[in-house]
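# Structural description and commentary
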Amino acid sequence: VGGEFGHKPSHACTMPLTETQHAMNTFFQKFNAILAKLAPDTSRDSALQIIQEAQQYFNTNMSVLVEYDKNQVQRQIDEMRRIHVEEKREKKKFSFKNRKKLGGSKTSSIAKEASSKGSTNVIEHSQITTESDEFALRAKSAANQYRDLREGHFEFDDKLGDDFLIENCVNATIEIRSIGGICYLQDLENCTLKLAPVKSSIMLHRCNGCTFHVASQQIRIHQCTDCNFYVYATSDPIIEHCTALRFGRYAFNYDNVQEDLREVGFSSKQNKYRNVKDFGWLQKEQSPNWSVIEGQEEVEK
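Analysis parameters
Every chain is numbered on its own, with residues counted from 1 as its sequence reads. For this predicted model, a pLDDT threshold of at least 70 governs which residues receive local features, and a threshold of 80 or more governs which side-chain atom pairs are given and counted, while totals over whole chains, interfaces and linings are taken from all residues. Calculation of side-chain values draws on the structure's entire complement of heavy atoms; hydrogens and water are dropped beforehand. Aromatic contacts are taken between Phe, Tyr and Trp rings whose centres are within 6.5 Å, Trp giving its six-membered ring; a plane angle under 30 degrees counts as stacked, one over 60 as edge-to-face, and the others as tilted. Secondary structure elements follow DSSP: runs of H or I of four or more residues count as helices, runs of E of two or more count as strands, with numbering from the N terminus. Summary of the burial criterion: residues with accessible area below 20% of their type's maximum are buried, those above 50% are exposed, and those between are partly exposed, where the area comes from a 1.4 Å probe applied to protein chains only. By nonpolar core we mean a set of buried residues, namely Ala, Val, Leu, Ile, Met, Phe, Trp, Tyr and Cys, connected to one another through side-chain atoms within 4.5 Å. To estimate the expected span of a helix, count its residues, drop one, and scale the result by 1.5 Å. Two strands qualify as a pair provided that DSSP identifies no fewer than 2 bridges between them. As a per-residue quantity, pLDDT reports the predictor's confidence and falls between 0 and 100. In this analysis, two residues are considered to be in contact whenever any of their non-hydrogen atoms come within 4.5 Å of each other.

## With respect to the packing of aromatic side chains
For the structure on display, the rule yields 10 aromatic pairs. Look at Phe-27 and Phe-58: their rings are 6.5 Å apart centre to centre, the planes differ by 65°, and that puts the pair in the edge-to-face class. Of this pair, Phe-27 sits in helix H1 (residues 19-35) while Phe-58 sits in helix H2 (residues 44-61), and the two are 31 residues apart along the sequence. Both residues of the pair, Phe-27 and Phe-58, count as buried.

Written as structure tokens, this is what we have:
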């Protein structure tokens, strides 16, 4: 179930391995040994630890791989995370709770109606027929969902602990100060999101003109344009089909931020916000689709 791949030496070949080939073979032997710990009955928590071990081993030793193999290894880790972590998450019913709004206009009629009725049913969103259908289906089953926020400042005190979705928001500032499991962000326009650390992954689709303060093991960004990311990431952030993205250090400064970072095992020395991988850019030169934010001391935290 864990899968196995890499460079397998031919038995017919008697030529001695070069130092590079030996290093690559050693990498794949150890990497596959880590993934081999996964089984269909592996618990979600145990699987998350194994996948984090594989991700850390890859992050530390990727220099021995060529670019193609780096992409393949990361995709394999992503697939194992999807099978063993995301698809095994506990299915919880959704409810609006502990919502605070600071200034701005009223919340959307959909959100307001659900809140006033005390609804515990997931609100269906319109069918998405783009290449990200699979992402949308996974996001749709997130335990906590925040939608259609407009023109205001919103704070949420929900004790998440599990997966959550934020989508279809415009000109909104959204703050969540509770640790989450997996975070889905999609279809956001001119928004500012300040999120407490997320234990596993943050997945973004179709965001434009936004600013994100996010911390996670892994960050995947798809089809986003003209956005600022203030990031903590233990693995290299990955972008695909994106333009004009800018990356800096995680800069959400709330009362318990250091305690929350320690709780999920994050260390400032491990932050890879500068090591962005553009899967749509295969040349050796720096991708033109992202850059590093300088002068962060001037950023309001």
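## Side note on the environment of Ser-178
As for its placement among the helices and strands, Ser-178 is situated in the loop between strand S4 (164-176) and strand S5 (183-189). Counting along the chain gives 17 residues from Ser-178 to Leu-195, while the straight-line C-alpha distance between them is 7.8 Å.

## A look at the nonpolar core
If you look at the biggest cluster of nonpolar residues, it comprises 37 residues, and the most contacted ones within it are Ile-166, Leu-185, Leu-188, Leu-204, Phe-212, Ile-221 and Leu-245. For this core, the element with the highest residue contribution is S4, accounting for 6 residues. If you look at the next biggest cluster of nonpolar residues, it comprises 24 residues, including Met-24, Leu-38, Phe-58 and Ile-182.

## Remarks on H2
Its 18 residues place the ends of H2 26 Å apart at the C-alpha level, agreeing with the 26 Å of an ideal helix rising 1.5 Å per residue. For H2, the complete set of buried residues consists of Ala-47, Leu-48, Ile-50, Ile-51, Ala-54, Gln-55, Tyr-57, Phe-58 and Asn-59.

## Observations regarding the pairing of S4
Relative to S4, strand S2 (residues 144-147) is paired through 4 bridges, and the arrangement is parallel. Across the sheet, Arg-147 pairs through a bridge with Glu-167, a residue of S4. For S4 and S5, the ladder comprises 6 bridges, and the chain directions are parallel. When the bridges of S5 are listed, Glu-167 appears paired with Gln-186. Inspection of the sheet shows S4 paired to strand S6 (residues 192-195) by 4 bridges, in the parallel sense. Its bridge partner lying in S6, Glu-175 is registered against Lys-194.

## A word on the confidence of the model for the protein
In the predicted model, the protein carries a mean pLDDT of 75, and 71% of its residues have values of at least 70. Under a pLDDT of 50 for its full length, residues 9-14 has, in the predicted model, 1 contact with residues more than four places off or in other chains.

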